[in-house]
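Commentary on secondary and tertiary structure
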Amino acid sequence: MKLFNLTISFIIILFLYPLHAGAQDNIVEVPKAKLYKEKKTALNYLEDENTVTSFGKISDKIWGYAELGLQEFKSSALLIKTLEDEGFKVEKNVAGMPTCFTATWGEGKPVIGVLGEFDALPMLSQKGLVPNQDPLVKGAPGHGCGHNMMGTAGVATVIAVKKSMEEHNIKGTIKFFGSPAEETVISRPYMVRAGVFDDVDAIIDNHSSTGMNTGFGVSGNALISVIFTFRGKTAHSAGAPWEGRSALDAVEIMNISTNYLREHLHYTHRLHYVIMEGGEAPNVVPDRASVWYYVRNTDERIEEMYERVVNCAKGAALATGTELEEIRVMTGIHQRHCNRGMAELIQSNIQLIGMPEWTEEENEFARALQKELGKEEKGYPEKVSELKEPSGIQVGGGSSDVGEVTLIAPTATLRFPGGVPGMIFHHRSAVSAYYGSAAWKGLNTGARVMAATAIDLLTKAEVLDKIKKEFADFSEEHPYKSLLPEGSEPPLYLNKELMEKYRALMEKARW
Ligand SMILES: [Zn+2]
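About the thresholds
- Starting from 1, residues in each chain are numbered consecutively following that chain's sequence as written.
- Whole-chain, interface and lining totals are the exception, using all residues; otherwise, since this is a predicted model, local features are given only for residues with pLDDT of at least 70 and side-chain atom pairs are given and counted only at 80 or more.
- Under the DSSP-based scheme used, a helix requires at least four consecutive residues in state H or I and a strand at least two consecutive residues in state E, with every element numbered from the N terminus.
- Here the globule rule reads 2.2 Å times residues to the power 0.38, and the radius of gyration is calculated from C-alpha atoms.
- At least two DSSP bridges between two strands are needed for those strands to be called paired.
- Here an axis means a line fitted to C-alpha atoms, over the contact stretch when the element is a helix, while the angle between two N-to-C directions is reported on a 0 to 180 degree scale.
- Residue pairs are scored as contacts if the distance between their C-beta atoms, which are placed from the backbone, is within 7 Å.
- Where each domain starts and ends follows an automatic or database-derived domain assignment.
- For this scheme, ten residues count as nonpolar: Ala, Val, Leu, Ile, Met, Phe, Trp, Tyr, Cys and Pro. Four count as charged, namely Asp, Glu, Lys and Arg, and the remainder, Gly too, count as polar.
- We define a nonpolar core as a collection of buried residues of the types Ala, Val, Leu, Ile, Met, Phe, Trp, Tyr and Cys that are connected via C-beta atoms lying within 7 Å of each other.
- Comment: burial labels come from other C-beta atoms within 10 Å of the residue's own C-beta, placed from the backbone, where a count of 20 or more is buried, 12 or fewer is exposed, and between is partly exposed.
- An expected span of 1.5 Å times one less than the residue number is assigned to each helix.
- Along the chain, pLDDT gives the predictor's confidence residue by residue, from 0 to 100.
- The cut-offs work like this: below 35 degrees is roughly parallel, past 145 is roughly antiparallel, 65 to 115 is roughly perpendicular, and the gaps in between are oblique.
- Left-handed describes a crossing whose near helix is turned anticlockwise from the far helix by less than a right angle; the clockwise case is right-handed.
- Directions from the helix axis toward the C-beta atoms define the arc.

Time to look at the overall build of the protein chain. The helix and strand inventory of the protein chain stands at 15 helices and 14 strands. Computed over the C-alpha atoms, the radius of gyration of the protein chain is 24 Å, within 12% of the 24 Å expected from 2.2 N^0.38 for a compact globule of 511 residues. Its C-alpha atoms give the protein chain principal-axis dimensions of about 80 × 55 × 50 Å.

Moving on, we come to the sheet that holds strand β6 (residues 202–208). Across the sheet, 6 strands lie side by side as β2-β3-β5-β4-β6-β14; this open sheet has mixed pairing. Either end of the sheet is taken by a strand with one partner, and the two such strands are β2 (89–91) and β14 (411–416). Neighbour-to-neighbour, the strand axes of the sheet open up by a mean angle of 20°, direction not taken into account. Of the strand pairs in this sheet, β6 and β14 are connected by 6 bridges, and their pairing is parallel. Looking across to β14, one finds that D205 is bridged to T413. This element, helix α9 (residues 340–353), spans β6 and β14 of the sheet and lies at about 30° to β14.

As a further point, take the domain arrangement of the protein chain. The domains assigned to the protein chain are domain 1 (31–220 + 335–508) and domain 2 (222–333). Across the boundary between the two partners, domain 1 contributes 18 residues, which contact 16 residues of domain 2. Counting residues per element, the ones that place at least two in the side of domain 1 that touches domain 2 are α6 (187–193) and α11 (402–406). Here the side of domain 1 that touches domain 2 is composed, by residue class, of 8 nonpolar, 7 polar and 3 charged.

Closest axis-to-axis distance for the α9/helix α14 (residues 461–477) pair is 8 Å, and the angle between their directions is 145°. Between α9 and α14, the residues in contact are R340, G341, M342 and L345 and V463, K466, I467 and E470, respectively. Considered class by class, the residues forming the contact of α9 with α14 number 4 nonpolar, 1 polar and 3 charged.

Right, let's talk about the nonpolar core for a bit. One finds V295, A451 and A454 to be the most contacted residues of the largest nonpolar core, which totals 138 residues. With 13 residues, helix α13 (residues 437–459) is the largest single contributor of residues to this core. Two domains each donate at least three residues to this core, and these are domain 1 (31–220 + 335–508) and domain 2 (222–333). What A451 contacts, discounting residues up to four positions off in sequence, is A42, L43, L46, T157, A160 and V161.

What follows covers helix α4 (residues 73–85). Taking 1.5 Å of rise per residue, the 13 residues of α4 would be expected to cover 18 Å, and the 18 Å separating its terminal C-alpha atoms lies within 8% of that figure. Taken from the residues just after α4, G87 is the one with a positive phi, measuring 90°.

Confidence in the prediction of the protein chain, expressed as mean pLDDT, is 94, and 94% of residues score 70 or more. Note that residues 1–23 has pLDDT below 50 and, in this model, 7 contacts with residues that lie over four places away or in other chains.

The antiparallel open sheet is built from 4 strands, whose spatial order is β9-β10-β8-β11. Two strands lie at the open edges of the sheet, namely β9 (270–277) and β11 (323–333), each paired on one side alone. Each adjacent strand pair in this sheet contributes to an overall mean axis angle of 15°, direction not counted. Pairing of β9 with strand β10 (residues 288–297) involves 7 bridges; the strand directions are antiparallel. Bridge pairing in β10 links V274 to W292. Along the sheet, helix α7 (residues 247–261) contacts β8 (222–231), β9 and β10; its crossing angle with β10, the most-contacted strand, is approximately 20°. Its contacts with the sheet place helix α8 (residues 302–320) against β8, β10 and β11, and it is angled at close to 160° to β10.

Moving on: the environment of L83. In this fold, L83 is placed in helix α4. We classify L83 as buried; it has 24 C-beta atoms within 10 Å. Sequence separation between L83 and I159 is 76 residues, and the spatial gap between their C-alpha atoms is 7.3 Å.

Now for the packing of helix α2 (residues 37–47) against α13. At a minimum axis separation of 9 Å, α2 and α13 run at an interaxial angle of 160°. Relative to α13, α2 is oriented roughly antiparallel. Of the two possible hands of crossing, α2 and α13 adopt the one that is right-handed. Residue-level contacts link E38, K39, A42, L43 and L46 of α2 to N444, A447, R448, A451, A452, I455 and T459 of α13. For the contact of α2 with α13, the class distribution of residues is 7 nonpolar, 2 polar and 3 charged.

The terminal C-alpha atoms of helix α10 (residues 360–372) lie 18 Å apart, and with 13 residues this matches the ideal 18 Å at 1.5 Å per residue to within 8%. Here α10 has its buried residues at E362, F365, A366, L369 and Q370. The buried residues of α10 occupy an angular sector of 135° when the element is viewed end-on, so they sit on one face. Every exposed residue of α10 that faces more than 90 degrees away from the buried side is listed here: E360, E361 and E364.

Okay, the environment of L457 next. Counting through the fold element by element, L457 comes out in helix α13. When sequence neighbours within four positions are dropped, the list of residues in contact with L457 reads P110, I112, A202, V463 and L464.

With respect to the secondary-structure elements, Y267 resides in the loop between α7 and β9. Classification of Y267 as exposed rests on a count of 11 C-beta atoms within 10 Å. As for Y267 and N297, which are separated by 30 residues in sequence, their C-alpha atoms are 8.9 Å apart.

Where the residue is not glycine, phi is negative for most of them; where a peptide bond is considered, it is trans in most cases. Residues K109 and P110 are joined by a peptide bond in cis, for which omega reads -5°. Topologically, P110 is positioned in the loop between β3 (101–107) and β4 (111–116). Despite not being glycine, A66 has its phi angle at roughly 40°, a positive value. Overall, A66 belongs to the buried group, with 31 C-beta atoms counted inside 10 Å. A positive phi is found at V185, a non-glycine position, where the angle reads about 40°. Position of V185 relative to the elements: it lies in the loop between β5 (172–178) and α6. V185 sits in the buried class, given 25 other C-beta atoms within 10 Å.

What follows is the structure in structure tokens.
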């Protein structure tokens, strides 16, 4: 059976590979964007050494806070203060999440949005710019995905745009969306449900990277994050086991069922779980057990797959005589569908701005980290990437709640430099690289591309109209429908205990 599956996979790979490789080579020609006075004002502000340093320091501070999703109190407060000091109108506690906020400047149409994240990852604590493993606080969280730079880059962007709007009397609104808990893909579906993006005409998303690029088309997976809790009956495990009903048995049978289910799911699926609770001692029949699932598939297949996983839970409860006490959907998100017009506009500004220049000292660290990881010791990259046609093939992969936003307004993601090629995301090597001068330059370069793009959108009605037309056509084919069950609320308790455990220790070890 296994062999047969392998053969089928091999045939599929053989069939897909040439298509995939061919499509990847299709470069979309995009002319360099124009530099004009409105853009120059924003870029002059960002290029100033004082600006580079002040936003660099904000990024490093957030790196030091390393707050996990929905616990980003210090990180969001720092970004909010920076925006308020520049005259932005800030709305806090958005969509029922204390660390979610929006910041607005200007009025009327068009409304251009910039997304920003600031949450860290568990267990990745690491000293900045140290190539070998050397945690600041053993076991504590760390910024292994560069979200410390991303919220900061977004804030720098909207402030630069505001300065130009003020000086040149540009009409419209620039808006920053402070989005918590991206690593657990939680905030955006709740933000969409609360109508936070309703009046936005176009959105620029950003993510830290090692090079500089953007893209369009569909990518990643839709995801439903859900905790199943079973209720049984305690009893003495040896004295009177017949009196008990084990909730842990239900979790185990559910997991066996979903593992059998894999064979009959479309090959686009991804399915993984961790057991959250499973009793405390073998001699007491556990009366409560829970398991946390990530159910992932394409937008078209996610709901059907989720229903089958729920049926596995129901079947397990029936088989064990326990009760399926709660199905807690924490979040539900779609795939990312980036707008081509937005990607082309971002690309034209990538070509205008270009890569930062790295110092010898920065390259020395990059090579040391590459050596430590056994990768080619080539330092930081010097060239931006070209825009490519999407491959059109969707098999597996991760998820981002930016996907929700791409279904509400025309959106594309800028990936900006600062990371070391060869480093591993969600790993201490990324934590060590996303601190200090190269990170500062990377996020500043990202902010310049985003600010230039926002100014094009604010001042060139024909560009925005084309982008909105593409989005309107796409929306007709792919209308938005929330994957959140009615009544679901963001899980604000998430990561609370972990942050309580490490916050004071991290404060003491402040880097
Ligand atoms: Zn990330």
